[in-house]
Amino acid sequence: MNEIKDRLFKELVKKGYSQSQKGVKCWDAANRSLMYANEELAKKFLEFRDFPRYRKIVVDTEIALIKDNAAKFFDDGEELNFNLIDLGCGDGLKAKVFIGALGEKYNLRYCPVHINKFLIDKALQNVKEQKFNNISEYMPFIADLESLDDVVGGIRNDDYKNNIVLLFGSILASFDIHSYLFNLSQAMMPGDFLVIGNGIRAEERFSHLELYKHSIFDEWLFLLMRELGFERDEVEYDARFANGRVEGFYRIKVEKSIQHEGKKIEFKAGDEIVMSVLYKYYASELNDYCKMYFRDVEMVTDTEKEYALLFCRK
């Protein structure tokens, strides 16, 4: 069975479609976890992350904030053993920076979490190569980015009762923020910490749309359309601001039917499938939302006010 097609098909059926006055159907198959669901997708993500402009304005900015602030966030409190839960770990690059910047105050068990074993193995390799003195154990966990209860609650044991959860790379921006933060906070206990890295807006909430129309997005996201059964010449990629978010979507150019496990979806030329979403927040909004679910919240931003690092204490 094609597991990716199965899950994409279920997303389409579950979320359904909206229909314009002109009869165009817009389907929603966006699921951040599925964007890394096999090794080919994971490798394309790593290529995307290293795209020079994205690397400069997003990745390097977040890394600089981590280096400058990780130790400051944890400059009080007693020395404890922590599970360092790296949600959506990627190849471990940012966790590696965080561990190095934190210093050796805490004894850590590094827990990379991802849907993709290829990325988990990369993260483990990259962190282990640093030979950190404050990492005493490793516990990888294969899970969706939404599987918060299983991960955050299930990793605890008698030796590691407290958690530091890392949520870098604007992962939060792909989900309903209230639902995600609520579920995450419910899975955490007093004494746990959450560190969020997320893009913010200082000017217009929706600007620089041209960035999201770049072919680098199409090269990554089309792999999901291919899993659904579309050929390259049957669709075209585009991006827009809609429904309070950035949507990366495909416009279907031909009539097409997709069948899966006895069910069929019919598409007409002009219909659309949303494959990725990113919600955009002002710094004050993001700060206020985190304060709704966590006792203490601190925020720092880069000088351009385009990226934020938040420290949340349960």
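Everything in this summary refers to the structure shown in the same document. It should be emphasised that the depicted structure is a prediction, and the values quoted were computed from it without experimental measurement.

Criteria and cut-off values
Residues numbered from 1 in each chain as written. Predicted model: local features only at pLDDT ≥ 70, side-chain atom pairs only at ≥ 80, totals over all residues. Heavy atoms only, no water. Axes fitted to C-alpha atoms, helices over the stretch in contact; angles between N-to-C directions. Helix = DSSP H or I, 4+ residues; strand = E, 2+ residues; numbered from the N terminus. Parallel < 35°, antiparallel > 145°, perpendicular 65-115°, else oblique. Contact = heavy atoms within 4.5 Å. Nonpolar A, V, L, I, M, F, W, Y, C, P; charged D, E, K, R; others polar. Pairing = 2+ DSSP bridges. Buried < 20%, exposed > 50% of the residue type's maximum accessible area, 1.4 Å probe, protein only. Right-handed = clockwise from strand over helix to strand, strands pointing away. Disulfide = S-S within 2.5 Å.

## Description of the packing of helix 2 (residues 39-49) against helix 9 (residues 215-228)
In a packed pair of helices, the relevant descriptors are the angle between the two axes and the axis-to-axis distance. It is the contact of helix 2 with helix 9, at a shortest axis distance of 9 Å, that shows an interaxial angle of 170°. With respect to each other, helix 2 and helix 9 are oriented roughly antiparallel. Facing Glu40, Leu41, Lys44, Phe45 and Phe48 of helix 2, the residues of helix 9 in contact are Ile216, Phe217, Glu219, Trp220, Leu223, Leu224 and Arg226. Across the contact of helix 2 with helix 9, the residue classes break down as eight nonpolar, no polar and four charged.

## As for the sheet that holds strand 9 (residues 235-242)
In space, the five strands of this open sheet follow the order 1-2-13-10-9, with mixed pairing throughout. Of all the strands in the sheet, the pair left with one neighbour each is strand 1 (17-19) and strand 9. When the angles between neighbouring strand axes are averaged without regard to direction, this sheet yields 30°. Where strand 10 (residues 245-252) meets strand 13 (residues 272-279), seven bridges bridge the pair, whose relative direction is antiparallel. Each residue of the ladder has a partner; that of Glu247, found in strand 13, is Val277. Against the sheet, helix 1 (residues 3-15) engages strand 1, strand 2 (25-28) and strand 13, with an angle of about 125° to strand 2.

## Considerations on the pairing of strand 8 (residues 193-199)
Most of strand 8 sits out of view: six of its seven residues are buried. One ladder, built from four bridges, connects strand 7 (residues 162-167) with strand 8; its direction is parallel. Note on strand 8: the bridge partner recorded for Val165 is Leu194. Regarding the hand of the β-α-β motif, the stretch spanning strand 7, helix 7 (residues 177-187) and strand 8 is right-handed. In the sheet, strand 8 pairs with strand 15 (residues 307-313) via seven bridges, with the strands oriented antiparallel. Note on strand 15: the bridge partner recorded for Gly197 is Leu309.

## Description of the state of the cysteines
Counted by the stated rule, this structure contains zero disulfides. For Cys111, which is in no disulfide, the shortest distance to another cysteine sulfur is to Cys89 and amounts to 11 Å.

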